[in-house]
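# Residue-level structure breakdown
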Amino acid sequence: MAERFTVRFYMNTPNRPKNDFGFFDDGVLEVGPDAVTLSGKVHRSFRFARQHAERIEQQNVWNAWSDRDEIIFDCRDGNKLRTVGFTVSSPNDSRRIMELLPMQQTKDYAVRQTEREVFYDRIQHWSPGSPVMWTILAVNVAIFGLMWLAGVYKNPSTTALALVKWGSNFGLLTAHGQWWRLVSSMFLHGGALHILFNMVALVQIGGLVERLFGSSRFIALYLLAGVCGSFASLWWTHGVGNSVGASGAIFGLMGGLLAFLRNPHSGVPATVVKDLRGSATGFILFNIFAGFVYPHTDNAAHIGGLVGGYLAGLLLARSLHVPGARA
């Protein structure tokens, strides 16, 4: 008899389980001895979504993988593999589903999984956590809270002047001796949405980058990239701009990641390098494009931080190889 589980499908977006069948939102997974059945809403271009069910023979299910509440597996359709992914409501459901799915793996997938495990073992050995990233996030949020209480954002017409008093990168002051503003402006934000987007990006990117570089090198990378972003903003506005935000430093983390992956002796397995490089490149291109589309975006700081982070990353990158461990 088939066991039934409530799942949630996602459209194909970064950091979400892939879904080649077009399912999205809430759905149902049924796993029986002979087949796996997926049912839920299916996205259709330029038309309303419709209910759909997909039945897959157990013998055609390959490469099942789980990470806490996320599950991904491939379905063999002739010589082609189609991927489906979803989240479940509890780790217990995840474990049970993995027990019911076949454990057969394609050769390429087995290599990729082995390399993922090696990579995870290596970063666990060198940097099991990311305390600096969380400290930076806490400092940014605390400063924003103090500015909110001080009424900086109460009147939009006076916010820019208030930001100058708190240490923004105001060219007329920065370029005339107050160089500390290149750093202080990295911890200020222009509003709630500004800090929200930046802190979400910091959490998504910063944890991995800190574990790759190590905490002390991560601090250096973050500050150097942020200062480069501030310099670029100052130069682009000819010394008369007024900028704030952590985005230059965050772009620098992406640049540092690309520099780390460029090192053939980094200790990051080839399949992981490919995956991370693809994700980083997509993030960078999308956000730089968005910076040209949306007004008031400091793309100069983004690009300056990216370049600065890449150069700093070349100098600060280390090897993740563990002496005596498996290659």
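Data block above holds the structure.
Chains are numbered independently. Their residues run from 1 in the order of the written sequence. It should be noted that, the model being predicted, local features are given only for residues of pLDDT at least 70 and side-chain atom pairs only at 80 or more, the latter also being counted only at that level, while totals for whole chains, interfaces and linings use all residues. Hydrogens and waters are ignored; side-chain quantities use all the structure's heavy atoms.

## Focus: the overall build of the chain
Counting its secondary structure elements, the chain contains 11 helices and nine strands. Seen through its principal axes, the chain has C-alpha atoms that stretch 75 × 55 × 30 Å. Residue burial is assigned from relative accessible area. The probe radius is 1.4 Å, only protein chains are included, and a residue is buried under 20% of its type maximum, exposed over 50%, and partly exposed in between. For the chain, with 327 residues in total, the buried portion stands at 46%. When checking whether two residues touch, look at their non-hydrogen atoms; a contact exists if any pair is within 4.5 Å. Residue pairs at least 24 apart in sequence account for 66% of intrachain contacts in the chain once pairs closer than 6 positions are excluded. A total accessible area of about 17400 Å² is found for the chain, and carbon and sulfur atoms account for 62% of it. Charge-centre separation for the chain: the mean point of 29 positive side chains lies 8 Å from the mean point of 22 negative side chains. Secondary structure is summarised from DSSP: a helix means a run of H or I of at least four residues, a strand means a run of E of at least two, and numbering begins at the N terminus for each. Accessible surface is estimated by sampling points in the Shrake-Rupley manner with a 1.4 Å probe; for residues, cover comes only from the protein chains shown. For this count, His and the chain ends are skipped, Lys and Arg are scored as positive, and Asp and Glu as negative. By convention, the point assigned to a charge is CZ for Arg, NZ for Lys, CD for Glu and CG for Asp.

## Details of the nonpolar core
We define the nonpolar core as a collection of buried residues of types Ala, Val, Leu, Ile, Met, Phe, Trp, Tyr and Cys that are connected through side-chain atoms lying within 4.5 Å of one another. Of all hydrophobic cores here, the largest spans 48 residues; its most connected members are Leu202, Leu212 and Val268. Contributions of two or more residues to this core are made by helix 2 (107–126), helix 3 (131–149), helix 4 (156–166), helix 7 (192–213), helix 8 (215–236), helix 9 (247–262), helix 10 (270–293) and helix 11 (299–316). With residues near it in sequence (within four places) discarded, Val268 still touches Phe119, Arg122, Leu212, Phe260, Leu261, Val273 and Leu320. Counting 22 residues, the second largest nonpolar core, distinct from the first, contains Phe5, Leu38, Ala64 and Phe73.

## A closer look at the packing of helix 8 against helix 9
The N-to-C vectors of helix 8 and helix 9 enclose an angle of 125°; their axes lie 7 Å apart at closest approach. By the angle class used here, helix 8 and helix 9 are oblique. When you trace helix 8 past helix 9, the crossing you get is right-handed. Residue-level contacts link Phe218, Leu221, Tyr222, Ala225 and Gly226 of helix 8 to Gly248, Ala249, Gly252, Leu253 and Gly256 of helix 9. Broken down by class, the residue content of the contact of helix 8 with helix 9 amounts to six nonpolar, four polar and no charged. Orientation is described by axes fitted as lines to C-alpha atoms, over the contacting stretch for helices, and by angles from 0 to 180 degrees between their N-to-C directions. Angle categories: roughly parallel below 35 degrees, roughly antiparallel above 145, roughly perpendicular from 65 to 115, and oblique for all the rest. Helix crossings get a hand from a simple test, with the near helix turned counterclockwise from the far one by less than a right angle marking a left-handed crossing and a clockwise turn marking a right-handed one. We call Asp, Glu, Lys and Arg charged. Ala, Val, Leu, Ile, Met, Phe, Trp, Tyr, Cys and Pro are nonpolar, and the rest, Gly among them, are polar.

## Remarks on a nonpolar patch on the surface
Patches here: salt-bridge-free residues with over 30% relative accessible area, like charges joined within 9 Å, nonpolar side chains (Val, Leu, Ile, Met, Phe, Trp, Tyr) joined within 5 Å. One speaks of a salt bridge when a side-chain nitrogen belonging to Lys or Arg is within 4 Å of a carboxyl oxygen belonging to Asp or Glu. Among the surface-exposed residues, Phe292, Ile303, Val307, Leu311 and Leu314 lie close enough to one another that they form a single nonpolar patch of about 480 Å² accessible area. A total of four residues in the nonpolar patch trace back to one element, the largest contributor, which is helix 11. With respect to the helices and strands, the residue Leu314 is situated in helix 11.

## Remarks on the packing of helix 3 against helix 7
The geometry of helix 3 relative to helix 7 is characterised by a closest axis approach of 9 Å and an angle of 170° between their N-to-C directions. Taken together, the axis directions place helix 3 and helix 7 in an arrangement best described as roughly antiparallel. Here Pro131, Val132, Met133, Trp134, Ile136, Leu137, Asn140, Val141 and Phe144 of helix 3 come into contact with helix 7, specifically with Ala192, Ile195, Met199, Leu202, Val203, Gly206, Gly207 and Glu210. Its residues placed into classes, the contact of helix 3 with helix 7 shows 13 nonpolar, three polar and one charged.

## Examining the packing of aromatic side chains
By convention, a stacked pair of Phe, Tyr or Trp rings (six-membered ring in the case of Trp) has centres within 6.5 Å and planes under 30 degrees apart, an edge-to-face pair has planes over 60 apart, and any other such pair is tilted. Inspection of every chain in the model, using the stated rule, returns 12 aromatic pairs. Taken together, a centroid distance of 6.2 Å and an interplanar angle of 80° make the contact between Phe73 and Phe86 edge-to-face. You can see Phe73 sitting in strand 6 (residues 70–77) and its partner Phe86 sitting in strand 7 (residues 80–88), a full 13 residues away along the chain. Owing to a relative accessible area of 0%, Phe73 belongs among the buried residues under this scheme. The class for Phe86 is buried, based on a relative accessible area of 0%. On the basis of an interplanar angle of 35° and a centroid distance of 6.3 Å, the ring pair of Phe218 and Tyr222 is categorised as tilted. Linking Phe218 with Tyr222, this pair stays in helix 8, spanning four residues, or about one helical turn. Using a relative accessible area of 0% as the deciding quantity, one classes Phe218 as buried. Overall, the relative accessible area of 1% leaves Tyr222 in the buried class.

## Some details on the pairing of strand 7
The criterion for strand pairing is that DSSP finds at least two bridges linking the strands in question. Pairing geometry for strand 1 (residues 3–9) and strand 7, over three bridges, is antiparallel. The partner of Phe9 across the bridge, within strand 7, is Phe86. Counting the residues between successive antiparallel strands, the hairpin from strand 6 to strand 7 contains two residues, one of them, Gly78, with a positive phi of roughly 70°.

## Structural notes on the sheet that holds strand 3 (residues 35–44)
What the seven strands build is an open sheet, ordered 4-3-2-1-7-6-5; its pairing is antiparallel. Of all the strands in the sheet, the pair left with one neighbour each is strand 4 (47–57) and strand 5 (61–67). Adjacent strand axes in the sheet meet at a mean angle of 30°, parallel and antiparallel pairs treated alike. Inspection of the sheet shows strand 3 paired to strand 4 by nine bridges, in the antiparallel sense. Bridge pairing in strand 4 places Ser39 opposite Ala53. Running over the sheet, helix 1 (residues 91–100) touches strand 1, strand 2 (23–31), strand 5, strand 6 and strand 7 and is turned about 115° from strand 1.

## Thoughts on helix 8
Take the residue count of a helix, subtract one, and multiply by 1.5 Å to get its expected span. Counted at 1.5 Å a residue, the expected span for helix 8 with its 22 residues is 32 Å, and the 31 Å between its end C-alpha atoms agrees. Among the residues of helix 8, those classed as buried are Phe218, Leu221, Tyr222, Ala225, Gly226, Gly229, Ser230, Ala232, Ser233 and Leu234. Just past helix 8, the residue His238 takes up positive phi, approximately 55°.

From the geometry alone we can't say anything about function, so treat these as descriptive.
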